[in-house]
Amino acid sequence: MKNVFRDYLVVKYYKSTGAQIFSAVFLWIFMLSFSIHGQDVPVVEDFIPDQEFIYKTIDSVDLKLYVFNPDGHKSDNQAPVIVFFFGGGWAGGTPKQFYQQSAYLAEKGMVAISADYRVRSRNKTTPFESVKDAKSAVRWIRKHAKELGIDSNKIVASGGSAGGHIAACTGIIQGNEEKGEDLSISSLPNAMILFNPVLDTTVKRFAERVGESRKTEISPVHHVRSGLVPSIVFHGTADTTVPFENAQRFTSLMKKAGNDCTLEAYEGKGHGFFNGNFFRPKSTDIMPYKDTMKKSWTFLIQRKFL
């Protein structure tokens with residue numbers, strides 16, 4: 001009887017082990033097939049901010065900054081800092097969109113922040129309030145440079161789509177500041193990194209959101225002048241939400257005004273091509289995310305931010 005029981009266990013063990021081995025081999029072949037075709041298998045990580053700060057309370061709404069710090073970062077450091085603004089047509093969206101980018105740049109030695117701001121779906125606001133919030137965020141970061149351990153003269157504004165628009169507005173649009181804030185502290189960033197940003201609000205779908213009578217008031221292409229901060233724009237040539245032509249025209253106007261502005265075109269890519277697989281976990285094409293991050297880092301090094 002003991003021998004029968006022993007034989008049963010041996011057979012069960014080998015069946016179980018065989019199944020595990022088969023599963024492992026199948027997974028290895030699956031991953032190898034991606035490698036052979038020159039693609040990375042997307043691995044979705046979780047990204048958790050190191051700190052949270054309320055940078056503004058308005059209409060009983062607390063707006064927060066979600067901060068990612070470099071390893072070993074201290075408050076007496078003077079690291080460069082980047083603040084990201086999410087996309088969503090000024091109507092929705094989440095700061096989590098830029099958590100992956102923030103973690104990447106924090107690993108490189110920057111303090112990276114993903115900011116919340118008011119949007120229509122949650123706050124019944126317009127793009128004008130979103131722009132005010134972006135300026136408030138930059139101002140708060142500069143005011144609290146010592147607390148954050150950052151260099152107040154190395155602040156980068158960044159964002160995608162509508163978030164790219166309000167980031168661009170911090171560096172280009174004069175006025176549109178929140179009432180009651182200390183305007184002696186500048187809301188102007190020292191550089192801009194923009195991902196398929198809205199740059200012309202006279203385009204019909206955007207004009208409807210800002211109002212016909214105010215359609216050029218916060219339209220970056222209509223306020224380009226000399227002396228603007230260094231900028232890089234990432235844009236897909238097949239973008240049907242924000243026309244690629246807008247990015248081309250903006251870059252041309254910036255250069256004609258003597259400003260440092262680079263356009264990185266992504267052939268055949270549509271809107272939101274730059275997102276990482278944390279924000280879009282079903283995406284298998286993470287090369288644009290990696291490429292935009294690498295070029296963003298190069299841009300900052302060349303402008304002596306690091």
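Scroll up for the structure.
Everything quoted here is computed from the prediction, not taken from an experiment. (Residues numbered from 1 in each chain as written. Predicted model: local features only at pLDDT ≥ 70, side-chain atom pairs only at ≥ 80, totals over all residues. Heavy atoms only, no water.)

1. Some words on the overall build of the chain
So, step 1. Per the secondary structure count, the chain includes nine helices and eight strands.
So, step 2. Put simply, the chain has 306 residues, and 48% of those count as buried.
So, step 3. Counted over contacts in the chain with a minimum sequence separation of 6, partners at least 24 positions apart contribute 75%.
So, step 4. When the accessible area of the chain is evaluated, it comes to approximately 15200 Å², of which 54% is carbon and sulfur surface. (Helix = DSSP H or I, 4+ residues; strand = E, 2+ residues; numbered from the N terminus. Buried < 20%, exposed > 50% of the residue type's maximum accessible area, 1.4 Å probe, protein only. Contact = heavy atoms within 4.5 Å. Areas by Shrake-Rupley, 256 points an atom, 1.4 Å probe, with all protein chains shown as cover.)

2. A word on the sheet that holds strand β4 (residues 111–115)
So, step 1. Taken together, eight strands build an open sheet; the order of strands is β1-β2-β4-β3-β5-β6-β7-β8 and the sheet is mixed. Each edge of the open sheet carries a strand with a single partner, namely β1 (51–58) and β8 (261–266). Strand-to-strand twist in this sheet, taken as the mean axis angle between neighbours without regard to direction, amounts to 20 degrees.
So, step 2. Most of the contacts of helix α4 (residues 127–143) go to β1, to which it runs at about 130 degrees, and overall it touches β1, β2 (61–68), β3 (79–85), β4 and β5 (150–160). (Pairing = 2+ DSSP bridges. Axes fitted to C-alpha atoms, helices over the stretch in contact; angles between N-to-C directions.)

3. Describing the side chain of Asn246
So, step 1. As for its position among the elements, Asn246 is in helix α8 (residues 244–256).
So, step 2. Contacts of Asn246, omitting those with residues within four sequence positions, involve Leu199, Asp200, Val203 and Val221.

4. Observations regarding the pattern of salt bridges
So, step 1. According to the stated counting rule, one finds 17 salt bridges in the structure shown.
So, step 2. The salt bridge partner of Arg122 is Asp116, with a shortest N-O separation of 3.9 Å.
So, step 3. Here Lys135 makes a salt bridge to Glu177, at a shortest N to O gap of 3.6 Å. Note that Lys135 is positioned in helix α4 and Glu177 in the loop between α6 (162–172) and β6 (191–195), a separation of 42 residues in sequence. (Salt bridge = Lys/Arg side-chain N within 4 Å of Asp/Glu carboxyl O.)

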